[in-house]
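Architecture and fold: a report
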Amino acid sequence: MSVVRTVLGDIRPEDLGVCDAHDHLFLRSPRLPDQELNDATAARAELEAFRAAGGAAVVQWTPYGMGRRAADLPLLSRAAGVHLICATGLHQAAHYAPELLDRLRGGLADLFVDELTRGIGTSGVRAGLIKVAGGFHALDTHARWTMTAAAEAHRATGAPIAVHLELGTAALDVLDLLCGKLGVPGDRVILGHLNRSPDLVLQREAAASGCWLAFDGPSRAHHATDWRMPEAVRSLSEAGFGDRLLLGGDTVVAGARSVDGGPGMPYLLRRVRPRLVAELGAEQVDRILTANPARAFAVEGR
């Protein structure tokens, strides 16, 4: 039986509800100095605002070593009444101290499997997905190492692999590695940030692999997100790929939260959803927000 692995335990996919398929409640990185998401009170307020806008679930893509605060997630989920899915995985090398990466050599896949099956540290929270990252138009040695470990962990657990595409690029390189060389089924791969490189031909080619295409990041400045995204989503839907699409907010800095004056998680439902409804109709948008993530993040119960 398929389940979605939340921080409070496994649920039926059909119980997930309206889902922000890529966001962050907590995140810390040396690439974002003094902009950390590390405030549990603000995180709860953001979840409550998302719930008030009609949201029911959030997938936190924050991976290992970037301040996930996994132990806090069950408390926030209960308090806000929102399902939360937590990630294992590893981001680009620039987000970590070299000595931390050195300690992980030779044991990365085991770490992912442990966090997916036994839990993250002593929190008792089991991850529900593996998050890795590509580079700008290419995959460096670090990306290939992390994706190889992710593929191994997927084979052991069935967990989906979510991929940060740097500015939306290198999607086909990721698929060549994960689905080609490493044998991960296309429907177990989620490509993030497709909206940041609005190449409709490439997006259709990626979708033909059976992977999931995530359009996420209306909280981000200087990217072709809101105004080009509806055209891309309509084009993919008309080409028969409407059942492969996901939507997310990707709030990565404190100033982007709605409770701190930014668009935040509610913007996905308050502004992005109506814009897409005008393009696709309410029924199709509802499927993208509910049925699609329920399938994308489902795993076989073990």
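The coordinates are above.
Here we summarise the structure given alongside this text. Remember, predicted model here, so these are calculated numbers, not experimental data. (Residues numbered from 1 in each chain as written. Predicted model: local features only at pLDDT ≥ 70, side-chain atom pairs only at ≥ 80, totals over all residues. Heavy atoms only, no water.)

1. Section: the packing of aromatic side chains
This structure, assessed with the given rule, holds 0 aromatic pairs. Directly above the aromatic system of Trp145 lies the positively charged group of Arg105, at a separation of 4.1 Å from the ring centroid. Residue placement shows Arg244 over the ring face of Trp212; its charged tip is 4.0 Å from the ring centre. (Phe/Tyr/Trp six-rings, centres within 6.5 Å; stacked < 30°, edge-to-face > 60°. Lys NZ or Arg CZ within 6 Å of the ring centre and 35° of its normal.)

2. As for the packing of helix H8 (residues 229-241) against helix H9 (residues 266-280)
It is the contact of H8 with H9, at a shortest axis distance of 10 Å, that shows an interaxial angle of 45°. Taken together, the axes of H8 and H9 are oblique relative to one another. The hand of the H8/H9 crossing is right-handed. Contact residues: Met229, Pro230, Val233, Arg234 and Ser237 in H8; Val272, Arg275, Leu276, Glu279 and Leu280 in H9. (Axes fitted to C-alpha atoms, helices over the stretch in contact; angles between N-to-C directions. Helix = DSSP H or I, 4+ residues; strand = E, 2+ residues; numbered from the N terminus. Parallel < 35°, antiparallel > 145°, perpendicular 65-115°, else oblique. Left-handed = near helix turned anticlockwise from the far one by under 90°. Contact = heavy atoms within 4.5 Å.)

3. Quick word on helix H7 (residues 200-207)
Those residues of H7 not exposed but buried are Gln203, Ala206 and Ala207. Viewed along the axis of H7, the buried residues span an arc of 100°, placing them on a single side of the element. Elements in contact with the buried residues of H7: helix H6 (171-181), strand S8 (189-192), strand S9 (212-216) and H8. (Buried < 20%, exposed > 50% of the residue type's maximum accessible area, 1.4 Å probe, protein only. Arc of directions from axis to C-beta.)

4. Side note on the nonpolar core
Ranked by internal contacts, the top residues of the largest apolar core, which has 79 residues, are Val163, Leu191, Leu213 and Phe215. Looking at this core, the element that brings in the most residues is helix H5 (residues 141-157), giving 7 residues. Aside from chain neighbours lying at most four places away, what touches Leu191 is Val163, Leu165, Ala171, Val174, Leu175, Ala206, Cys211, Trp212, Leu213 and Ala214. (Core = buried A, V, L, I, M, F, W, Y, C linked by side-chain atoms within 4.5 Å.)

5. Remarks on the pairing of S8
Along any regular strand the residues' side chains alternate between the sheet's two faces. Of the two faces of S8, the one lined by Val189 and Leu191 and the one lined by Ile190 and Gly192 are each fully buried. Here 4 bridges tie strand S7 (residues 161-164) to S8, and the two strands are oriented parallel to one another. Directly across from Ala162, in S8, lies its bridge partner Ile190. With respect to chirality, the unit in which S7 leads through H6 into the neighbouring parallel S8 is right-handed. Bridge count between S8 and S9: 2 bridges; the pairing is parallel. (Pairing = 2+ DSSP bridges. Right-handed = clockwise from strand over helix to strand, strands pointing away.)

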